[in-house]
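# Survey of secondary and tertiary structure
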Amino acid sequence: MGYMTSQRKALFDALEQHRDEALTAEQIIALMDKSASRSAVYRNLSALEKQGLVKKTVIGGANRVLYRYVGSKECQDHLHLECSKCGKTYHLKTPATNALIDDVMQDANFQIDSTNTVLYGVCGKCRKS
């Protein structure tokens, strides 16, 4: 991951602790030490995105930008469900998911990048409220 400054370590720790969530930059900053530089957080998020450790998603045009840590072992080789209301991410690890990926490969000769594939919807908790 390159040179680890204290701010990059704090950012990395915040992302790792909330790896199942898509968070705004402001939410990430709030999880870090109050002395975190806003510009350093954005710079580091951009660098982590380029390294493939963070997935950036723009929802509703430029109205909402979310960042999700995908460098965790749990995120690799799994499709993801992401709630468009609360930002919670769920890993799909079922045999049916693997069958879907295999079927797409056989039927369309298309290999899905499951680590970076996100299906958006609304989770059960948000549907209840």
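Note: the structure precedes this text.
Going along each chain's sequence as written, the residues are numbered from 1 onward. Residue-level local features of this predicted model are given only where pLDDT is at least 70; pairs of side-chain atoms are given and counted only at 80 or more, and the full residue set underlies all totals for whole chains, interfaces and linings. Here the side-chain values reflect all heavy atoms present in the structure, with hydrogen atoms and water set aside.

## Some remarks on the side chain of Glu82
One can find Glu82 in strand S3 (residues 79-83). For every residue, the accessible area obtained with a 1.4 Å probe (protein chains only) is divided by the maximum for its type, and the residue is called buried under 20%, exposed over 50%, and partly exposed between those limits. Judged by relative accessible area, Glu82 falls into the buried class, the value being 3%. Whether two residues are in contact is decided by their heavy atoms: any pair within 4.5 Å suffices. With residues up to four places along the chain from it excluded, the contact list for Glu82 reads Ala22, Ile59, Leu66, Arg68, Gly87, Lys88, Thr89, Val118, Leu119, Tyr120 and Gly121. Helix and strand definitions follow DSSP, with helices as H or I runs of at least four residues and strands as E runs of at least two, each counted in order from the N terminus.

## Topic: the pairing of S3
Taking burial as the measure, the five residues of S3 include four buried ones, the bulk of the element. Pairing geometry for S3 and strand S4 (residues 89-92), over four bridges, is antiparallel. Looking at S4, one finds that Leu79 is bridged to Leu92. Taking the residues between adjacent antiparallel strands as the criterion, S3 and S4 are bridged by five residues, where Gly87 takes a positive phi near 85°. A pair of strands counts as paired when DSSP detects no fewer than two bridges linking them. Summarising the sheet, S3 and strand S5 (residues 118-121) pair through four bridges and their orientation is parallel. Residue pairing across strands places Leu81 opposite Leu119, the latter belonging to S5.

## A short note on the nonpolar core
Among soluble globular proteins, nonpolar side chains are generally buried collectively. Throughout, nonpolar core names a set of buried Ala, Val, Leu, Ile, Met, Phe, Trp, Tyr and Cys residues whose side chains join them through atoms within 4.5 Å. If you look at the biggest cluster of nonpolar residues, it comprises 15 residues, and the most contacted ones within it are Leu11, Leu15, Ile28, Met32, Val41, Leu45 and Tyr67. Only helix H1 (6-17), helix H2 (25-31), helix H3 (38-50) and strand S2 (64-69) provide two or more residues apiece to this core. Not counting residues within four places of it along the chain, the set of residues in contact with Leu45 comprises Leu11, Leu15, Ala25, Ile28, Val54 and Tyr67.

## Observations concerning the pattern of salt bridges
Close approach of charged atoms lets side chains of opposite charge pair. By convention in these notes, a salt bridge is any Lys or Arg side-chain nitrogen within 4 Å of a carboxyl oxygen on Asp or Glu. With the rule as written, the count across this model stands at three salt bridges. Residue Asp13 pairs with Lys9 through a salt bridge whose shortest N-O separation is 2.9 Å. With Asp13 and Lys9 both in helix H1, this residue pair falls four residues apart, about one helical turn. Glu82 is the partner of Arg68 in a salt bridge, and the nearest nitrogen-oxygen pair spans 3.6 Å. Of this pair, Arg68 sits in strand S2 while Glu82 is found in strand S3, placing the two residues 14 residues apart along the sequence. Here Arg68 and Glu82 have matching classes, each one buried.

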